[in-house]
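Working through the structure, step by step
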Amino acid sequence: MPDLDYKGYLKLDELLKLQHPLADPPTHDETLFIIVHQVFELWFKLVLHEIDKIFEMLDNDDVIESERLIRRLTSIIRLFIPKLSVLETMMPSDFIQFRDRLRPASGFQSVQFRQIEFACGLKDRKYLGMFKNDPAAAARLEKRLAEPAFWEHFTALLHRRGYTTDTEESQRQGIVSIYKRDGEHALRVLCEAMIEYDEMFSLWREHHIRMAQRMIGSKTGTGQQLVESAYGKTSPMGSIGIEYLAQTLNKKFFPVLWAARTEM
Ligand code: HEM
């Protein structure tokens, strides 16, 4: 058997054959668009991999290692922001040349993105509606819906350490006391890592909407029908392109951590 080499280990022959632009006639920027999205999906895969490890660490009461890996999550999400700027070198007029070929495909359909949201507590069943024809994706999401989310793993750890965690109010009081009490340094650092991760994710949402607005103005998103079928035009989530995205900006993974800040 030949020695393992770089491209064999990384499966580069397979990986580099996965870019298939659709525009006819071909347009230069579609390759950029495909690669940027594929790279994001690879990072989403790593985020999920890290999240599962963090859950295991929290369940094992390993505060220090959980905190270290949450900081890794934040580093990954922090990278998402400059990565969008690569796409922002595309002109709206360049995007228009292949955008119609994408319909109704949209980032809205990213199963991994939705798995991350579900794992981090944003469990919204309505998103399952768009995976009726993709049973494997629906099953992955159902699994995340049924499993404990990030906050449950964290509060279970607090409970094992003697904190009362049965209501949001008691959780909030517990967090405030972690910040005030001497000797809880490791838990305090863990809380800081979690809120930083949450903050960074919000910053990505913010940058994504600004980039989308810069690219398409107030045109509808390519996933418009999908958004409408999940939420309906009259839903408070809004339904169209930027309007839908604007409604997602207030999403938070750990609202109790944010609420506790008021009392610090
Ligand atoms: C030209 C660049 C882009 C534009 C104009 C754009 C636009 C949009 C729009 C309008 C939506 C709302 C759904 C819809 O109407 O289709 C959306 C959703 C989304 N996009 Fe993008 N996007 C772009 C690039 C990206 C990239 C590079 C990613 C990385 C994976 C991404 C990930 C997502 C995700 C995850 C959603 C769902 C967000 C949510 O439901 O909270 N988008 N995008």
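Scope of this entry: the structure provided in the associated data block.

Basis of the calculations
- Residues numbered from 1 in each chain as written.
- Predicted model: local features only at pLDDT ≥ 70, side-chain atom pairs only at ≥ 80, totals over all residues.
- Heavy atoms only, no water.
- Helix = DSSP H or I, 4+ residues; strand = E, 2+ residues; numbered from the N terminus.
- Buried < 20%, exposed > 50% of the residue type's maximum accessible area, 1.4 Å probe, protein only.
- Contact = heavy atoms within 4.5 Å.
- Areas by Shrake-Rupley, 256 points an atom, 1.4 Å probe, with all protein chains shown as cover.
- Lys, Arg positive; Asp, Glu negative; His and termini not counted.
- Charge placed at Lys NZ, Arg CZ, Asp CG, Glu CD.
- Near = heavy atom within 4 Å.
- Polar contact = N/O pair within 3.5 Å; in protein donor to acceptor, adjacent residues only side chain to side chain.
- Axes fitted to C-alpha atoms, helices over the stretch in contact; angles between N-to-C directions.
- Parallel < 35°, antiparallel > 145°, perpendicular 65-115°, else oblique.
- Phe/Tyr/Trp six-rings, centres within 6.5 Å; stacked < 30°, edge-to-face > 60°.
- Donors = N, O, S within 2.8 Å, 3.2 Å for Na, K, Ca; no water.
- Left-handed = near helix turned anticlockwise from the far one by under 90°.
- Nonpolar A, V, L, I, M, F, W, Y, C, P; charged D, E, K, R; others polar.
- Arc of directions from axis to C-beta.

1. Let's talk about the overall build of the protein
When helices and strands are tallied, the protein shows 13 helices and zero strands. For the protein, the α and β elements follow one another from N to C terminus as α-α-α-α-α-α-α-α-α-α-α-α-α. Its C-alpha atoms give the protein principal-axis dimensions of about 65 × 60 × 35 Å. Out of the 264 residues in the protein, the part that is buried amounts to 45%. In the protein, of all internal contacts separated by at least 6 residues, the share reaching a separation of at least 24 is 71%. Total accessible area computed for the protein in this model is approximately 14300 Å², and 57% of it derives from carbon and sulfur atoms. Each charge sign in the protein was given a centre, from 35 positive and 38 negative side chains, and these centres are 2 Å apart.

2. Let's talk about the site of the ligand
Ser106, Arg114, His208, Gly223 and Tyr244 are the nearest of the 30 residues found near the ligand. Within the side chain of Ser106, one N or O atom sits 2.7 Å away from an oxygen atom of the ligand. Residue Arg114 places a side-chain N or O atom 2.9 Å away from an oxygen atom belonging to the ligand. Of all the elements in the fold, those that place two or more residues in the shell around the ligand are helix 3 (29-59), helix 4 (63-87), helix 6 (111-119), helix 10 (185-216), helix 11 (224-231) and helix 12 (241-248).

3. Considering the packing of helix 5 (residues 92-102) against helix 10
Where helix 5 contacts helix 10, the two axes come as close as 8 Å, and the packing angle between them is 85 degrees. Looking at the two axes, helix 5 sits roughly perpendicular to helix 10. Judged by residue contacts, Pro92, Phe95 and Arg99 of helix 5 engage Arg214, Met215 and Ile216 from helix 10.

4. Some remarks on the packing of aromatic side chains
Inspection of every chain in the model, using the stated rule, returns 24 aromatic pairs. Centre to centre, the rings of Phe108 and Tyr127 are 5.7 Å apart; their planes meet at 65 degrees, and the pair counts as edge-to-face. A residue pair is termed long-range when its members are at least 10 positions apart, and Phe108 in the loop between helix 5 and helix 6 and Tyr127 in the loop between helix 6 and helix 7 (135-146) qualify at 19 residues. Tyr127 carries the same exposure label as Phe108, and that label is buried.

5. Focus: the environment of Met130
Positionally, Met130 belongs in the loop between helix 6 and helix 7. Using a relative accessible area of 13% as the deciding quantity, one classes Met130 as buried. Not counting residues up to four positions away in its chain, the partners in contact with Met130 are Phe108, Gln109 and Leu226.

6. Some remarks on the coordination of the iron atom of the ligand
Among all protein atoms, only His208 (NE2) binds the iron atom of the ligand, sitting 2.1 Å from it. In this structure, His208 sits in helix 10.

7. Some words on the packing of helix 8 (residues 150-160) against helix 9 (residues 168-180)
Look at helix 8 against helix 9: their axes get within 12 Å of each other, and the N-to-C directions meet at 65 degrees. Crossing of helix 8 over helix 9 shows left-handed handedness. The residues of helix 9 that touch helix 8, namely those facing Trp151, Phe154, Thr155 and Leu158, are Gln171, Ile175 and Ile178. In the contact of helix 8 with helix 9, the residues fall into five nonpolar, two polar and no charged.

8. Things to note about helix 5
Looking only at helix 5, the buried set comprises Phe95, Phe98, Arg99 and Leu102. Projected down its long axis, helix 5 shows its buried positions confined to an angular sector of 135 degrees, all on one face.

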